[in-house]
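Take a look at the letters that make up each chain.
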Amino acid sequence: MEKKIFQIKGMHCASCVRVIENALKNTPGVSEANVNLATETATVTFDPKTVSDEKLFSSVANVGYQAYVKEQAVSEDAEEAEKKKNLADLKRRVVFSLSLAALIILGSFPGLENLAPGFLKNIWVQLILATPVQFWAGLPFYKATIPAFRHRTANMDTLIAIGTTAAYGYSVLVTVFPQIVESVGIAPMPYFDVSALVIGLILLGRYFEARAKAGTSEAIKKLIGLQAKTARVVRDGKEIDLPIDQVVIGDMIRVRPGEKIPVDGEILEGDSSVDESMVTGESIPGDKTSGDTVIGSTINKTGTFTYKATKVGSETMLAQIIKLVQEAQGSKAPIQRLADLISAYFVPIVIILAILTFVIWFDFGPVPAFLFALLNAVAVLIIACPCAMGLATPTAIMVGTGKGAEHGILIKDAESLETAHKVKVVVFDKTGTLTVGKPVVTDVVSVKGEGGRGENILQIAASLEKGSEHSLAEAIVSKADEEKVKLEKVDKFKAIPGHGVEGFIDKKRVVLGNQRLMEREKIDITHARPGLVSLEEEGKTVMILAVDGKLVGLIAVMDTLKESAKEGIEALRKMKIEVVMITGDNQRTAKAIGGQLGIDRILAEVLPDQKEAEVRKLQNEGKMVAMVGDGINDAPALAAADVGIAMGTGTDVAIEAADITLINKDLRSVAAAITLSKKTMRTIKLNLVWAFGYNVVLIPVAMGVLYPFFGLLLSPIFASAAMALSSVSVVSNSLLLKRVKI
Amino acid sequence: MGIISEDKIIVAIVGSLGIIFTWWFFLFKKEKETAVEKEVDIIVSGGYSPEVISIQKGKTTKINFIRKDSTDCLSEVVLGDFKIRKELPLNQKVTVEVTPQRRGEFPYSCGMGMYHGKIVVR
């Protein structure tokens, strides 16, 4: 028999409890079922051989409720508490070991010993002081080493354990049996100062490293901290405060000024201004009214409103952002592969080098050869720092992706962050990316002398376009709506992709579309051309209307450029990145818009399905290409690009085809994302150069390669200080990324 | 030229044996693969037990990490190919789910890349 607790969703009253209990008890294999309304849980005792969790869930579902296993996520608080406890423990060990090491040094260091009280000079006292340092403060090293040996693996702790044990063990031998070392001509001098101080310094380095490392995941903690705890839900006409995990889709929620919006939803009643900066990075508060979408965890500024929950739990925008950032921080950058490969062999190689050092110094070194051999071998073990290599890339990726998220730049994985710094060309889709995507009619031009139907142009065009789904059609229909134009009936409506539309009004054949359509229809547009050209030169898209084969008028439509477009492009140009605009518009219109934005390379008259091919053409020029689009219509082009950048839409953040999603909808963030990538990569490279360089240079020094030339050796104490500084400096360097301006 | 003393010869021989032993001990261990159907508990203590698991392509496998070792290095596990980085609080079960879409060998490691394991997708 097994006892399990499941969460139950959808209970309202005591009768629900009985219904669910009965449903569970009637399931074969269940011996006991207790449902608790307050905690919304069911405690079920059952035979797992007869009945599965899924069967229990379906029994509950059959009576109209939902049972599920609550994820055994360890609460953030518990995790934090454990980290704090570990840090406090580490601090105790640091203070303890450094204090005792200081006493030992006072009693043994040449020059200092004259200042020390007599008893500290006694090597038995030094033994007593060094022993708890070795076996209590240094216990974590042994605790890591022994189980690792069972797995035939070794790490950083193995090196420290072997190194300090060698120094401590030799010192004990010297203290207890001085005659043994004396018999081989060595003065019986212990090295308790080495063993104790090395442990103290390494622990100190580890303490600083742990504190710094906590800073690398700050961004994600901030995001998690944004989540609202409760929601004021209107149920049965009453307002009740509910814990956030009990809010269900469809709940009506009331939000007052200054309050946090608990989950994602759609406003039913009321209006307000909402500050979404904490989630989307969008800096200006936006006005919201009924029908508008609101994002959970953002702040309601001015008004009170009621809204319907549309996304709860793991579906909310914030939860999706957290998941995406966590995934990015868990992914590996290609640049890390080499460090991974080296770290797999690193520790065994260092142990081998230490043995080699011992043998060489013992066999070929000066007198007392044994002491030189021992101290240099210990120095090799202590100086080696595999941690710095392991930390170099992931800490920078964590800070970089977190920094991006804070600014509304969501990076899918470490690889995307790495690739973005190599981008040389950025292709922008025009409609909906550089422009707002809501074109408006700016001019309605009647072409004189053609039947005097000028006043009806908008009416004919709007009647015809009523059946079309194109965004330009929408502009014409809404203009007609605005001017209260009565629409006429259309027969045989037909859309001609890439050209326009046709149909019959009043038994007359009407066509509306671009010049290509007019050519196809063999309609002469010569005397409208000057007007058409001048409209297009203003960046407007012009549609031509013809009735029964005769030109009657022009309708010009224009989309508003996004506020951030010009600055966004300027920023890229400053970075010497080529900017390309891709659009279905004709050359003249496209050129005019490009001119307004300062874009020099324009790919005009590109049909939607050709965008991907255009991206590939640019890649064939040997350049790294980023494509910026809306993520839906441009998905193939985004996927084809080296870096696909999608502009955020609504509350969906995980855009499949995109490597980077700009949820702040700000075009300046394209340059910011590339800058972030460049800075992150610079930090990673610097970290790796440091981590590799440190080991490549200092291990040979510790082995004594400089001794024949300069008589220089590295004391194990200096080795431990260098090693402690090494990993701290890598983590601190990654943390500097937080201060970078993007 | 003096004769090389006995102790130097002994140290050289013992040292060489030590080097060979170290190489063999750490780098020539046999990987034992554990086939996993749906769920597996991996004990994290001085490494991962089992260290190498094989799972099925396209099927979701639950991997429960239970850390018994207080070594700081092991307090995080990274399954880079599956975009998973998880904190492993001491003595608590932390479950990750993977649904591999392609066959191959996918290494996983501790946060600093010191301890290694492998997921083999068949």
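Residues numbered from 1 in each chain as written. Chains lettered and ligands numbered in written order. Predicted model: local features only at pLDDT ≥ 70, side-chain atom pairs only at ≥ 80, totals over all residues. Heavy atoms only, no water.

### With respect to the packing of aromatic side chains
The geometry of an aromatic ring pair comes down to the distance between the two centres and the angle between the two planes. Evaluation of the coordinates by the stated rule reveals 26 aromatic pairs over all chains. Between F149 of chain A and F25 of chain B, the ring centres sit 6.0 Å apart and the planes meet at 70°, which makes this aromatic pair edge-to-face. Here F149 of chain A, found in helix α6 (residues 139–150), pairs with F25 of chain B, found in helix α1 (residues 6–27), and the two come from separate chains. For F149 of chain A, a relative accessible area of 32% gives the class partly exposed. Taken together, the ring pairs connect F149 of chain A together with F21, W24, F25 and F26 of chain B into an aromatic cluster. The ring of W136 of chain A has R93 of chain A sitting right over it, with the charged end atom 4.7 Å from the ring centre. Between R152 of chain A and the ring centre of W24 of chain B, over which it is positioned, the NZ or CZ distance is 4.4 Å. (Phe/Tyr/Trp six-rings, centres within 6.5 Å; stacked < 30°, edge-to-face > 60°. Helix = DSSP H or I, 4+ residues; strand = E, 2+ residues; numbered from the N terminus. Buried < 20%, exposed > 50% of the residue type's maximum accessible area, 1.4 Å probe, protein only. Lys NZ or Arg CZ within 6 Å of the ring centre and 35° of its normal.)

### As for the state of the cysteines
This structure, assessed with the given rule, holds zero disulfides over all chains. Free cysteine C387 of chain A: the closest other cysteine sulfur is in C385 of chain A, separated by 5.4 Å. Note on C387 of chain A: relative accessible area 5%, which makes it buried. Left unpaired, C110 of chain B is separated from the closest cysteine sulfur, that of C73 of chain B, by 3.7 Å. Given a relative accessible area of 1%, C110 of chain B falls into the buried group. (Disulfide = S-S within 2.5 Å.)

### Observations regarding the UniProt feature "transmembrane region" (unreviewed entry) in chain A
All names here are of chain A. Those places that UniProt annotates as "transmembrane region" (unreviewed entry) correspond, in this numbering, to residues 94–111, 123–142, 154–177, 189–208, 341–362, 368–392, 688–710 and 716–737. Here residues 154–177 is 88% helix and 0% strand, with 32 Å between the C-alpha atoms at its ends. For residues 368–392, helix accounts for 88% and strand for 0%, while the C-alpha atoms at its two ends are 40 Å apart. (UniProt positions renumbered as here; feature names shortened; annotations may be inferred.)

### Section: the sheet that holds strand β10 (residues 286–288) of chain A
All names here are of chain A. Here we have three strands laid out as an open sheet, ordered β10-β9-β12, and antiparallel in their pairing. The two strands at the open ends of the sheet, each matched to only one other strand, are β10 and β12 (299–300). Summarising the sheet, strand β9 (residues 272–275) and β12 pair through two bridges and their orientation is antiparallel. In the sheet register, D275 faces β12, and the bridge partner there is I299. (Pairing = 2+ DSSP bridges.)

### Description of the nonpolar core
What tends to happen in soluble globular proteins is that the nonpolar side chains get buried as a cluster. Counting 153 residues, the largest nonpolar core has V426 and F428 of chain A together with Y48, I63, F65 and L79 of chain B as its most contacted members. In terms of residue count, helix α26 (residues 668–703) of chain A provides more of this core than any other element does, 15 residues in total. Excluding its chain neighbours within four sequence positions, the residues that come into contact with L79 of chain B are G330 of chain A together with I63, F65, I84, V96, V98, Y108 and I119 of chain B. By size, the runner-up hydrophobic cluster in this structure holds 21 residues, among which are A461, A475, I505 and V552 of chain A. (Core = buried A, V, L, I, M, F, W, Y, C linked by side-chain atoms within 4.5 Å. Contact = heavy atoms within 4.5 Å.)

### Let's talk about the domain arrangement of chain A
Assigned domains of chain A: these are domain 1 (2–71), domain 2 (76–215), domain 3 (229–318), domain 4 (331–408 + 673–741), domain 5 (409–434 + 562–663) and domain 6 (438–560). Distance between the C-alpha centres of domain 3 of chain A and domain 4 of chain A: 50 Å. (Domains from an automatic or database assignment.)

### Here we look at a nonpolar patch on the surface
Among the surface-exposed residues, L338, L341, Y345 and I349 of chain A together with F21, W23, W24 and F28 of chain B lie close enough to one another that they form a single nonpolar patch of about 850 Å² accessible area. Of all elements in the fold, only α13 (336–364) of chain A together with α1 of chain B reach the threshold of two or more residues within the nonpolar patch. The greatest single-element share of the nonpolar patch, amounting to four residues, is contributed by α13 of chain A. Here F21 of chain B lies in helix α1. Under the relative-accessibility criterion, F21 of chain B is labelled partly exposed at 47%. (Patch = residues over 30% accessible without salt bridge, like charges linked within 9 Å, V, L, I, M, F, W, Y side chains within 5 Å. Areas by Shrake-Rupley, 256 points an atom, 1.4 Å probe, with all protein chains shown as cover. Salt bridge = Lys/Arg side-chain N within 4 Å of Asp/Glu carboxyl O.)

### Section: the interface of chain A and chain B
At the junction of the two partners, chain A supplies 47 residues and chain B supplies 46 residues. Across the interface of chain A and chain B, roughly 3,900 Å² is buried in total on both sides, 61% from carbon and sulfur atoms. At the boundary of chain A with chain B, the tally comes to three salt bridges. Counting the contacts that link chain A with chain B gives 13 residue pairs in polar contact (both at pLDDT 80 or more). For the side of chain A that touches chain B, the leading source of residues is α13 of chain A, giving 14 residues. When its residues are assigned to classes, the side of chain A that touches chain B shows 23 nonpolar, ten polar and 14 charged. (Buried area = accessible area lost by both parts, 1.4 Å probe. Polar contact = N/O pair within 3.5 Å; in protein donor to acceptor, adjacent residues only side chain to side chain. Nonpolar A, V, L, I, M, F, W, Y, C, P; charged D, E, K, R; others polar.)

### Notes on the confidence of the model for chain A
Averaged over all residues, the pLDDT of chain A equals 88, while 96% of them reach at least 70. Contacts for the low-pLDDT stretch residues 450–454 of chain A, under 50 throughout, to residues beyond four places or in other chains number eight contacts. (pLDDT = per-residue confidence, 0-100.)

### Describing the environment of F96 of chain A
All names here are of chain A. Checked against the element boundaries, F96 lands in helix α3 (residues 76–108). For F96, a relative accessible area of 29% corresponds to the partly exposed category. Sequence spacing of F96 and G622 is 526 residues, and the spatial spacing of their C-alpha atoms is 60 Å. Sequence-distant contacts of F96, defined by excluding residues within four places in its chain, comprise P132, V133, W136 and A137.

### Looking at unusual backbone geometry
For the bond running from V367 of chain A to P368 of chain A, omega is -10°, close enough to zero to count as cis. One can find P368 of chain A in the loop between α13 and α14 (369–383). The omega torsion of the bond from S49 of chain B to P50 of chain B falls at -5°, within 30 degrees of zero and hence cis. Take P50 of chain B: it is sitting in the loop between β3 (48–49) and β4 (52–55). Phi at R152 of chain A takes a positive value of approximately 55°, unusual for a residue other than glycine. The residue K492 of chain A is not glycine, and still its phi comes out positive at about 50°. According to the relative accessible area criterion, K492 of chain A is exposed, its value standing at 67%.

### Description of the sheet that holds strand β4 (residues 66–68) of chain A
Residues and elements named next belong to chain A. One open sheet holds the four strands; their spatial order is β2-β3-β1-β4, and the pairing between them is antiparallel. Because the sheet does not close on itself, it has two edges, and the strands there are β2 (30–36) and β4. Strand-to-strand, the axes of this sheet are offset by a mean angle of 30°, without reference to chain direction. Note that strand β1 (residues 2–9) and β4 share three bridges and pair antiparallel. Across the sheet, K9 pairs through a bridge with Q66, a residue of β4. Together, β1, β2, β3 (41–46) and β4 form the strand contacts of helix α2 (residues 53–62), whose direction differs from that of β1 by roughly 40°. (Axes fitted to C-alpha atoms, helices over the stretch in contact; angles between N-to-C directions.)

### Topic: the confidence of the model for chain B
Looking at chain B as a whole, the pLDDT averages 90, with 98% of positions reaching at least 70. This complex was scored by the predictor with a pTM of 0.81 and an ipTM of 0.84.

### Quick notes on the environment of N22 of chain A
All names here are of chain A. Of note, N22 is situated in helix α1 (residues 14–25). Its relative accessible area of 40% is what places N22 among the partly exposed residues. Distance from N22 to A33, taken between C-alpha atoms, is 8.1 Å for residues eleven residues apart in sequence.

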